[in-house]
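Descriptive structure summary
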Amino acid sequence: MDKNKKPESDDDDFYEDDELLPTATTTTIDADINFQWSEITSEFERASRDLELGELLHDANFGLFEAMSAIEMMDPKMDAGMLCNQTKRKVRSLEQAIDDKTIAVDNLTPEQLIGIMDATLCCLVTWLEGHSLAQTVFTNLYLHNPSLIEDRSLKAFSVCALKLVDIIRERINRALVYEEEDFQPMSYGFKMSSDVSDARACGMIKEVEDEWSRAMKNTRCKAGGSDTRDERTQTQHELSTAVYARLRFVRLFFSAMVAFSRDKCVGLDDAVKCLNQIEDLLPAMVNTLALGIVPTERSADGDDDYSTLMGFEPLINQRLLPPTFPRYTKIKSRAETMEYLLDVTGRLKLVWQVKDIPNLHAALEFFIDYSKTAPCVLSRSILQLVYLSPSRRILGQHLVADVLRDTIRAFIAPPALSPKNNALNGTQAKEYIDAFLQHASRPICSMLQLCGHNRARQRDKWVIILEELSGLQDEADKVDAYLHGVLVKSEPNRQHLVCFGTWVLYHTLQTMINYTLSGFELELYSPHEYQYIYWYLHECLYNWLISTISRAETFVVEQLEATAGDAASQKGGRQSKKASKKKKKTRPMGQEIAINQAYQSLCTGFYKAVVALNMDRKMQEAKFEFDGAKFEEVRFNHRFAPFRHVLTPPVIQYGVYKEMAVREEAAPSTASDVYISASKSFLHARMLLECLTIQSEEVELLVKVAKTNFVVMKLCAGGHKKDSTAAAEFDFTTHRMFPIIKVN
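Here we summarise the structure given alongside this text. (Residues numbered from 1 in each chain as written. Predicted model: local features only at pLDDT ≥ 70, side-chain atom pairs only at ≥ 80, totals over all residues. Heavy atoms only, no water.)

1. Some thoughts on the overall build of the protein
- The secondary structure content of the protein amounts to 22 helices and 4 strands.
- Across the 744 residues that make up the protein, the buried fraction comes to 47%.
- Long-range pairs, those at least 24 residues apart, make up 78% of the contacts in the protein between residues at least 6 apart in sequence.
- As displayed, the protein offers around 39,300 Å² of accessible surface, 52% of which is attributable to carbon and sulfur atoms. (Helix = DSSP H or I, 4+ residues; strand = E, 2+ residues; numbered from the N terminus. Buried < 20%, exposed > 50% of the residue type's maximum accessible area, 1.4 Å probe, protein only. Contact = heavy atoms within 4.5 Å. Areas by Shrake-Rupley, 256 points an atom, 1.4 Å probe, with all protein chains shown as cover.)

This is the structure in structure tokens:
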């Protein structure tokens, strides 16, 4: 290459000055390959002298995003691959470690097997918490090539562990409900023992499992009626039990994952059986954690920040990582790992309940309640696949539109969906209804899928669902208007009214409430914002929701009475008419109305409590650098900005809220009167919750919140700590959305 030749570039003006041309040197690596290296440091420093302090050079192909993403190659603090050069310890691969005899591949002691298995499980759990495979599971050198392992127990465990990682990765990838902070699916080209079938992997580990089972029986005390046991035999028995439990755990967990992936949910029962056996094994694993070998501590001179265990090399895959800021990965402890495995086992068992869910409303409620427990990415993904995966899961076995048809019929019983209604034959009503159900399938399925994401990401996705429901409201109103016109002409006694619109409004209000309450869980609201947040909930959202459910209940009761009246008229008997009069009035949605009335009363109590605390100057004051009133209006509009996409219910403007708040504050009442009013609201919420026929952990927590806040408000009304100037505290440890008020 001609080293004096001007480099080719689109920016030819940059090289107008010959003094800026870098001197080049040519290095020949091969006869056909030449590399031209240029030293640009001096030229770069000379050009940067023209920039003032804080001034940046902007180019069309190098903006702020590229500047923030740029790293300095070969810098240990910036380049993840350079971390290997900082340690004085030689980083060996599996083959090198075997040649150097630094790790054993045959005749491993039970203590070594227990330690290696426990460390592998720790790495597996750390990977499931969002770290990369290269920095977790594949720091285990034995997993790089299990065929080199001669010990049958360790080889079978390693193969099954690789198969387990592969099927977990495939399940999570297919569910698509993870974010970058939840899970890293990249496999970095490692082989997952794909040449070994699932049945063969289970067979390999079952064979060695039986061997350790026989060893357990041989070391068990057989002395006639004697409880004494040789100490050495006792130790051998404990070691055999520990190895057996770990081998069995990996096989059962892998079998459960395989069972969950079977078509049409035929493997759910088998999966639950495996999980039940795992729950029985975990206590034995916890009790034997101390028997395995432990990692060696890092060296005293501090040249190595990682503790190591035989067969594990934390830096072996460091150069496989992308050249970005290195992410510090702290492997879970063995006790934390066992606790995590016990927790995920319990959550996976709950997935079995989804097959008995009758309709989409119950399914959505189950998904939301399941999400409130903050499950891990694996259990969230399994639930999504079991219920939503096309052509192989519960919902996929039917057309979503048909499931929606049955759900709407059960919710509001529209005459247009009645199987005995012949008034719509020969009209376009069926086409309109089918088109509406097809369009409604997307937001409803999106709601179910939304519940599979982590809690922080759900808040943004509720806004997207709200926009889709807003468009669906318009279509529902048009369909309702058309059906009402058709039915009025044919059957004046059976008017369609706004059945589909009521159903869409129900889900719209639920979405708006979930979005608003998520701000408390994510700690987005400041205490000075609680007043208008709880006011909006009790004054607008829950009011509309209770009214919507009551309207749907009225429609359902009317349809039931109409159906019963038709049946009685066909029989023509007087006794059936008398029986229908004496029949007790049904409340098909009484429980749902009661729980939402309890939520509304809680919000009312919190709103009035904050008003009274403000009157007593016991609320934390907001420190605004700008105009306080204007800042509050900006925050108010920002909090409820997504609601502007919705036509019904209309968004409440800040001026309306302020007018109502000023009217209440101007009323001739003292703080004590407002405290008493708040205590009545909490008492009402408690009574409603305690009268529910279906009790749950959520209801018990809400009862505790209502009871405690009722007592606090009564004390404040009586002048308890009235002279105190300390701000009130809102404790969200009991419930994430409804706190316990503490007055110091």
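Still more to cover.
2. A word on the side chain of lysine 163
- As for its placement among the helices and strands, lysine 163 is situated in helix α5 (residues 152-175).
- In terms of polar contacts, lysine 163 uses its side chain to reach the backbone carbonyl oxygen of valine 196, at 2.7 Å. (Polar contact = N/O pair within 3.5 Å; in protein donor to acceptor, adjacent residues only side chain to side chain.)

3. Concerning the packing of aromatic side chains
- In this structure the tally under the stated criterion is 38 aromatic pairs.
- Between tyrosine 178 and phenylalanine 183, the ring centres sit 5.5 Å apart and the planes meet at 75°, which makes this aromatic pair edge-to-face. Taken individually, tyrosine 178 and phenylalanine 183 each receive the classification buried, so the pair is uniform in this respect.
- Look at tyrosine 536 and phenylalanine 640: their rings are 4.1 Å apart centre to centre, the planes differ by 15°, and that puts the pair in the stacked class. Pair noted here: tyrosine 536 is in helix α16 (residues 530-571) and phenylalanine 640 is in the loop between α19 (628-639) and α20 (654-666), with a separation of 104 residues, a long-range link.
- Cluster of aromatic residues (ring-pair linked, three or more members): Phe520, Tyr525, Tyr530, Tyr534, Tyr542, Tyr599, Phe606, Phe682, Phe730, Phe732 and Phe738.
- Taking NZ or CZ as reference, arginine 459 lies 4.0 Å from the ring centre of tyrosine 515, over its face. (Phe/Tyr/Trp six-rings, centres within 6.5 Å; stacked < 30°, edge-to-face > 60°. Lys NZ or Arg CZ within 6 Å of the ring centre and 35° of its normal.)

4. Overview of unusual backbone geometry
- Of the consecutive residues threonine 648 and proline 649, the connecting peptide bond is found in the cis state with omega at 0°.
- Along the polypeptide, proline 649 turns up in the loop between α19 and α20.
- Positive phi, close to 55°, is recorded for asparagine 107, a residue that is not glycine.
- Classification of asparagine 107 by relative accessible area gives exposed; the value is 66%.
- Positive phi is not limited to glycine here, since alanine 374 has a value of about 55°.
- Mapped onto the fold, alanine 374 is located in the loop between α10 (360-372) and α11 (377-388).

5. A short note on empty space enclosed by the protein
- One pass over the structure, following the stated rule, counts 5 cavities of 30 Å³ or more.
- In this structure, the largest cavity spans a volume of roughly 70 Å³.
- Lining the largest cavity are Thr120, Leu121, Leu124, Val137, Leu143, Phe157, Ala161, Leu164, Val165 and Val250.
- Of all the secondary-structure elements, those providing two or more residues to the lining of the largest cavity are α4 (110-128) and α5.
- Along the lines of polarity and charge, the residues of the lining of the largest cavity split into 9 nonpolar, 1 polar and no charged. (1 Å grid on protein atoms, 1.4 Å probe; cavity = no way out; pocket = protein on both sides within 12 Å on 5 of 7 lines; lining within 4 Å. Points joined across faces, edges and corners; volume = space filled by probe spheres on them. Nonpolar A, V, L, I, M, F, W, Y, C, P; charged D, E, K, R; others polar.)

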